Structure formats: structure tokens, C-alpha cells
Amino acid sequence: MKKRFYAAVLLAGVFSSAGAVRSGSGPENIPASASMVQAAQQEERTVVSPDGATFLKVGLKEGNPYYKAGRYAVGKDGRKEVVMLEESPLGLLTDIGDFSRGMVWRKEETGSRDIRYDLERSKFSRVEKKANTLTIGLANAENKEMAVEFVVEDHNIAFRYYLPKQKETGSVRVLREATGFRFPAKTTTFLTPQSDAMIGWKRTKPSYEEEYKADAPMDEPSQYGHGYTFPGLFHVGEDGWVLVSETGVDSRYCGSRLGDARDGLYMLEFPMDEENNGNGTSEPAFALPGYTPWRTVTLSQGLAPVVETTIPWDVVEPRFTSEHKYKMGRGTWSWILWQDGSINYDDQVRYIDMAAAMGYEYTLVDNWWDNNIGRKRMEELVRYARGKGVELFLWYSSSGYWNDIEQGPINIMHDPITRKKEMRWLRQQGVKGIKVDFFGGDKQETMRLYEAILSDADDHGLMVIFHGCTLPRGWERMYPNYVGSEAVLASENLIFAQKFCDNEAFNATLHPFIRNAVGCMEFGGTFLNKRLNRGNDGGTYRMSTDIFELATAVAFQNPVQNFALAPNNLTEQPKFEIDFMKEIPTVWDEVRFLDGYPGRFVVLARRHGEDWYVAALNAGKETLRLTVELPMLAGREVNHYFDKSDGAPAMERTKVGRNGRFKFTLLPDGGAVLSGR
Ligand code: CA
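All values derive from a computational prediction rather than experimental measurement.

*Asks:* It is not clear to me how the overall build of the protein chain should be interpreted in this structure. Could you clarify?
*Replies:* Within the protein chain, the secondary structure is distributed over 19 helices and 39 strands. In terms of overall size, the protein chain behaves like a compact globule, its C-alpha atoms giving a radius of gyration of 25 Å where 677 residues would be expected to give roughly 26 Å. Each principal axis of the C-alpha atoms in the protein chain carries an extent, and together these give about 75 × 60 × 45 Å. Across the 677 residues in the protein chain, those meeting the buried criterion constitute 63%. Within the protein chain, counting contacts between residues at least 6 apart in sequence, those at least 24 apart form 71% of the total.

Printed below as a string of C-alpha cells:
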């Protein structure tokens, strides 16, 4: 397919006459043939999204390739361009040549594509949309060729580089990219920094577990001086929002990040040399012909296209198919509240019994099981669980030689020989999944390890959750047994320090717009205990209301959710809370953003079959009264879970108005849920 594509680019006269591509400054309705004549002089093309509202411009200026993007606003003076991503550089610097400057415009090809696929493990179970495409062929001063492929959907743009085989040269090392993202001066940011490598607990960073700043200025230096991890959300004043990320990263490239801004320009950067304990190169390499990953830009005036975007999955393909049928579901895990001391046979039995009582599919046995339960008794535990209708996930460290982790099992998953032997044993015992923790960073070396674990695990019918890890980049569609990544300051931090409890609502109202907008998020939350220790009598204080916690089970999306419930909840909580947690699905057919502002509040709805769940979260200091349009539940009877004025949980049967409006009252650190069909 790659070969065929480039052949098409090289063929003169095959350019599509699709009306979506227009010359930069010419009249809008000129025929495509006339626009091609202008190519030599202008070297700027415009691609418009299928709905005509999003534009991308691609051009060359003094040999430097660039792109810019925005949307059309229709006012009383007619249609006006609103630039949301200003002229930003493109290009690659490689060991076989510089493809970032001195370029000439050789070829172009335009077209459109139908995007259609099923995806059980993300926001929409079925995606059907159209996109317009542009591929430009450029050549450098040495006459070496590179293409850039753009896909333009309504509100979304994706692009990637393509390098053909260059005569006898069949491989390339990319030294750095000239890819950048330049924002208008008025832009403020919602970003999380990249940490130093080899710092933190047991030298396990970076692991995408840093704090966000909301509405920060662009010129403020990043916390560690290494820029920011994907995704980044940018607020271009009243013009709208831009979400930037990347997707399709697999064993054939590294994970990238954004550097600190200079005059509004964020350059794409490769991993730091120090990651992975200095082992493995920061410079990705691939065979020719070959592609880089896709970089994605979601832009719109409002936030719905950000929360609802499917661009991370639209442009990737499955890396392999599976002969196994994987079952998504809910799980219990003792480690989150009862910590290391609970990884023993008897405590695991209590959590398996709780999973059975809840009707949950899984229990996750966390670190130290190899030591504190042992393999022989683990075989017994698996049999016990399966007798109760509960399947197990077992925890592993990924290391290896890139941190100081001693929590066992260690030194298994990094090595193909020990890994395969272990996976054979897991399959023989009937274990259904693994959680692999503490990866070494974003180098290609580490991306190869993620993919190798997924690939080997699928041979044995094992699902995989990653923790202490990188952002998933399209993986829900690329790997059939991939079911979750942490890559966030997750529920464990609420146990570790009070400040994370104090900030729980702030963080929770960021995730649907940022981290969870581009990939599933294995947060491991929904606490119903007020004190976060084993006895519910010490440790940190949860500041959120119970209903807030229930709402996060809807607001946070991961196809396998391990909830932070404890056995005492079954008898101590109101029955309607436990009933809600018994019924909550973890796979969804649809999501709709309803209202919100990142870091302040969010209201969104998810559909599972006929059932709608509406979740509302308030991070503000004041009680929030909101009227939300719920056309999907107009005139319907619903369960309304809400905070009473003293913060106590309540549930009522009520009716959504026939006009579809519903009034929420949300306490500070509070929330609400509606469920109905
Ligand atoms: Ca973690």
C-alpha cells in the first residue's frame, strides 16, 4: 500500500479534482486544473473539512515547509478565517538528509476517505465519518524526497511524514523533527510538564504523573525545563480551543513531547537521553519506505469536539488481529486502600468475594504476590476466583534495568524468554490479564517493549493494563488485548498525600478535556470510604462527596475499570450507591459533552445500549446551579443521584422536562448523575 501511494504521488496528472482543495489566494471556485497551474508560483494549498468549517493550509516559504489551521466563522460580513494554529514548521532532519529546508514542491495529491470502524474500548462503539486528504511531495537540495500526508476531518487534522526508499538506502535514523505548533499570542495553556528522567520513587520517572496548570501563559517555563507531555490543550481566547497530541506510535518510533514555547511556538521533541537509565537511543529509526507517527490537532470554538474527538483512532490501523475474544468489565483491587500488606491469600479472597458480590468480572492482584502468596497458592487462588465467577489480573514490574523497583515480580516482562515462559504459565492457570508497571520512558526501545508485551500476551489470551507508563497513542484500535493505561496522577495519589485529595475535583474536571480525550485512562478510582486507609479511620481525608465519586465512574473512561471500593462499603453505604456501582458499564456506544470548563466543572453523557448516564462534577468553591439540555432523556423518568445540602448522598426518581432541560445543583467538590433510558 505504501508503494502504491508513492507511485501515485509521483505520477503526473493524477491529481484529484476534489473541490476541497483550493489555491491559497485565488478565487474559490476556480477549477482544479487552474489551481495546479498556480502551484509553481504559490505553493500553498488549502484543504477544507467535509463540513466546510475547518481549514488547513500547507505551503513552502523560501524552501521551508509549513502548515497553519483554523476555522471559518460566519458573520454578517460573510465568512472569515479564524487562525487558531499560526504558520508552523514541518520537516525532518535525518542521517540521510535534511528534509526541513531548501525544499521544493514536487507533487501533490488530494482526495477524500471514508473512515469506518468498530471500537469497543473507547468513546464511540462505531465511528463513521469522512475526511479530505492532501499529500504533498517535496524534494531537498540533494533531490531526496519526502512526502507529508494530511487528513482533515470536521474539527480534526492529522499529519505524518513519509520517506520513500532513497536509491540503495533502506533505513533512516531521525535526528530531530522540525515539526512545531505555533499559537496566537492571546493563547493560554492547560499542560502537564515532562519530568526529569530517573527521578522520583525508585527512579521510575518519567511516567506522565505530573500536575496540570490551568490557563497558564505560554511564556512561563515548564517545571523541569523539558517541556510538556502530550496531550496539550490550548485556549485561544474567544476563538476557541486546540488539543494537540500524537497517535499511531508503535515499535517503529519513539513517543514525542512538546518543548517549552518560544514566541508561541512549541517544537516537537524526542525523549531525553537519560530516560531508560541512559540505555537506548533518543533518535528513532525505521525501515524505508516508512512513516512517522501522526500528529493530531483538534480545533473548535466550543469544547464538544475536544471531548468527543476520535482522531487518535481514526488514522491508525490494527497492528494484529486476535483469535481471542476479550471481555471488558469491572474489577476490585485491594492494593489501592489496603496497600502492600493486603497482597496475601486471605485478603485477596475478601476482594474476590467482593467482586462476586458486586457482579464484577475481575479482581486485580497487585505487587508482591509472587513473594507473599507464591506461585503454588496463586494457582489455588485463581481456582477459587473462577469458582466464584471472577477472573484475575496479576501485576508485574516491567523492569529490567531502568529503575530500582524491588516490588515483585521483577525481571520477567522485559525479556522475551522469561516473558513467554511466564505467559504460558498464566494461560495454564486461567489468568485473564496482566498489569505491567514502571516503564523506562518514551524511547523507541520502550515502545518496542510495550508492543512486544502486547503481542506476546495476545498469543496467550491475556489482556494488558499499563501503569507507570506513557500515554497510549491510538492503542485501543491498534492492539486487540490492550485495555488501559495509567499515565495520569491516578487514585493512588489520593492515598499518598492530602494535597491530591484537596485537588481531586480540579484534576477530575481536567481529564475529560485533556488526558482522557485522547486515550483510555486507568484511574482506579471511585472511593466511597471517607478516610483513605485500610480501616477507614486514618490516612488522608477524601474531600469529594460520594456522588462526585459515582460520577467519576461515568466521566472517566477505561474499558476495564478497577474501582477503589472496599469490602466495608457493601454494608456501610446506602444501597442505591452500591446498586449504581453494580450496574455501571465500562464500555460505551457514544459520548456527548454537555457543559463545562477544564478545571472548573464538566457535564457529559455516555450511552451504553439504550441507557444514558449523565455525569456532572464541580471543582468550584461555590455551589453551581446549571440548566443542561438533555434531549436524549426528554420526558423520561431517570434516577437522579445528588448531594443534599450537607453533602450527604441521595437518590430520587424524577422526570426530565419534556423540553429536555434539567437543573443540576452541584456542591463544591460535589457532583450528580442521571441514569435512564
Ligand atoms: Ca502510578
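*Asks:* Sorry if this is basic, but what is going on with helix H11 (residues 444–459) here?
*Replies:* The α-helix winds at 3.6 residues per turn, so residues separated by three or four positions along the chain end up facing the same way. With 16 residues, H11 should cover 22 Å at 1.5 Å per step; its first-to-last C-alpha distance of 23 Å lies within 8% of that length. When we look at burial in H11, the residues that qualify are Gln444, Thr446, Met447, Leu449, Tyr450, Glu451, Ile453, Leu454, Asp456, Ala457 and Asp458.

*Asks:* Explain the side chain of Lys205 here, please?
*Replies:* Mapped onto the fold, Lys205 is located in the loop between strand S14 (188–191) and strand S15 (213–217). A polar contact is formed between the side chain of Lys205 and the side chain of Glu210, at a distance of 2.9 Å. Each residue touching Lys205, except ones within four places of it in the same chain, is listed here: Ser195, Asp196, Ala197, Met198, Ile199, Gly200, Glu210 and Tyr224.

*Asks:* How should the environment of His324 be read in this particular structure?
*Replies:* Turning to its location among the elements, His324 is positioned in the loop between helix H5 (311–314) and strand S23 (329–333). A sequence separation of 135 residues divides His324 from Asp459, and the C-alpha atoms of the two residues are 8.6 Å apart.

*Asks:* What is the right way to read the pairing of strand S32 (residues 590–597) from this model?
*Replies:* Put simply, side chains in a regular strand alternate between the two faces of the sheet. Of the strand pairs in this sheet, S32 and strand S33 (residues 601–608) are connected by seven bridges, and their pairing is antiparallel. Along S33, the bridge assignment pairs Glu590 with Arg607. Counted along the chain from S32 to the antiparallel partner S33, the turn is three residues long, and its residue Gly599 has a positive phi close to 90°.

*Asks:* Please clarify how the pattern of salt bridges should be interpreted in this entry.
*Replies:* Side chains that differ in charge, positive against negative, can pair when their charged atoms come close. By the definition in use, this model includes 46 salt bridges. Asp118 is the salt-bridge partner of Arg126, the closest N and O atoms lying 3.1 Å from each other. For Arg126, a relative accessible area of 37% corresponds to the partly exposed category. You can call Asp118 exposed: its relative accessible area is 56%. Glu128 serves as the salt-bridge partner of Arg126, at 3.0 Å between the closest nitrogen and oxygen. Overlapping salt bridges bring together Glu177, Glu246, Arg295 and Arg473 as one network.

*Asks:* Would you take a moment to explain the sheet that holds strand S25 (residues 391–397) for this structure?
*Replies:* Hydrogen bonds along the backbone pair up the strands of a sheet, which may run parallel or antiparallel. The seven strands are arranged S28-S27-S26-S25-S24-S23-S31 in an open sheet whose pairing can be described as parallel. Lying at the two open borders of the sheet, with one neighbouring strand each, are strand S28 (482–485) and strand S31 (560–563). Here the average twist between neighbouring strands, direction ignored, is 25°. Here S23 runs beside S31; their pairing, made up of four bridges, is parallel.

*Asks:* Help me understand a positive patch on the surface in this model?
*Replies:* Together, Lys420, Lys421, Arg424 and Arg427 make up a positively charged patch on the protein surface. Structurally, Arg424 is set in helix H10 (residues 416–429).

*Asks:* Can you walk me through the packing of H10 against H11 in this structure?
*Replies:* Between two packed helices, both the angle of their axes relative to each other and the distance between the axes serve to describe the pair. Contact geometry of H10 with H11 gives a least axis separation of 9 Å together with a crossing angle of 35°. Along this stretch, H10 crosses H11, giving a crossing that reads as right-handed. Note on element contacts: H11 touches H10 through Leu449, Ala452, Ile453, Asp456, Ala457 and Asp459, opposite Arg419, Lys420, Met423 and Arg427. Across the contact of H10 with H11, the residue classes break down as five nonpolar, no polar and five charged.

*Asks:* Mind showing me how you'd approach the sheet that holds strand S20 (residues 285–287) here?
*Replies:* As summarised here, the arrangement of the four strands in space is S7-S6-S12-S20, forming an open sheet in which the pairing is antiparallel. Pairing within the sheet leaves two strands with one partner each, and these edge strands are strand S7 (97–98) and S20. The sheet contact formed by strand S6 (residues 92–94) and strand S12 (residues 171–177) spans three bridges and is antiparallel. Opposite Thr94, over in S12, you have Val174 as the bridge partner.

*Asks:* For this particular structure, what's the right way to read the packing of helix H9 (residues 374–387) against H10?
*Replies:* It is the contact of H9 with H10, at a shortest axis distance of 10 Å, that shows an interaxial angle of 40°. Classified by the angle their axes make, H9 and H10 are oblique. Residue-level inspection shows Arg375, Met378, Glu379, Val382 and Arg386 of H9 in contact with H10, the latter providing Glu422, Trp425 and Gln429. Split into classes, the residues belonging to the contact of H9 with H10 amount to three nonpolar, one polar and four charged.

*Asks:* Hey, could you run me through helix H7 (residues 345–358) in this one?
*Replies:* Helix length check: H7, at 14 residues, gives a terminal C-alpha distance of 20 Å against a target of 20 Å (1.5 Å per residue), a fit within 8%. All buried positions along H7 are accounted for by Tyr345, Asp347, Gln348, Val349, Tyr351, Ile352, Met354, Ala355 and Met358. A positive phi of about 75° marks Gly359, the residue just after H7.

Conventions we followed
- Residues numbered from 1 in each chain as written.
- Predicted model: local features only at pLDDT ≥ 70, side-chain atom pairs only at ≥ 80, totals over all residues.
- Heavy atoms only, no water.
- Helix = DSSP H or I, 4+ residues; strand = E, 2+ residues; numbered from the N terminus.
- Rg over C-alpha atoms; globule rule 2.2 N^0.38 Å.
- Buried < 20%, exposed > 50% of the residue type's maximum accessible area, 1.4 Å probe, protein only.
- Contact = heavy atoms within 4.5 Å.
- Expected span 1.5 Å × (residues − 1).
- Polar contact = N/O pair within 3.5 Å; in protein donor to acceptor, adjacent residues only side chain to side chain.
- Pairing = 2+ DSSP bridges.
- Salt bridge = Lys/Arg side-chain N within 4 Å of Asp/Glu carboxyl O.
- Axes fitted to C-alpha atoms, helices over the stretch in contact; angles between N-to-C directions.
- Patch = residues over 30% accessible without salt bridge, like charges linked within 9 Å, V, L, I, M, F, W, Y side chains within 5 Å.
- Areas by Shrake-Rupley, 256 points an atom, 1.4 Å probe, with all protein chains shown as cover.
- Lys, Arg positive; Asp, Glu negative; His and termini not counted.
- Charge placed at Lys NZ, Arg CZ, Asp CG, Glu CD.
- Left-handed = near helix turned anticlockwise from the far one by under 90°.
- Nonpolar A, V, L, I, M, F, W, Y, C, P; charged D, E, K, R; others polar.
- Parallel < 35°, antiparallel > 145°, perpendicular 65-115°, else oblique.

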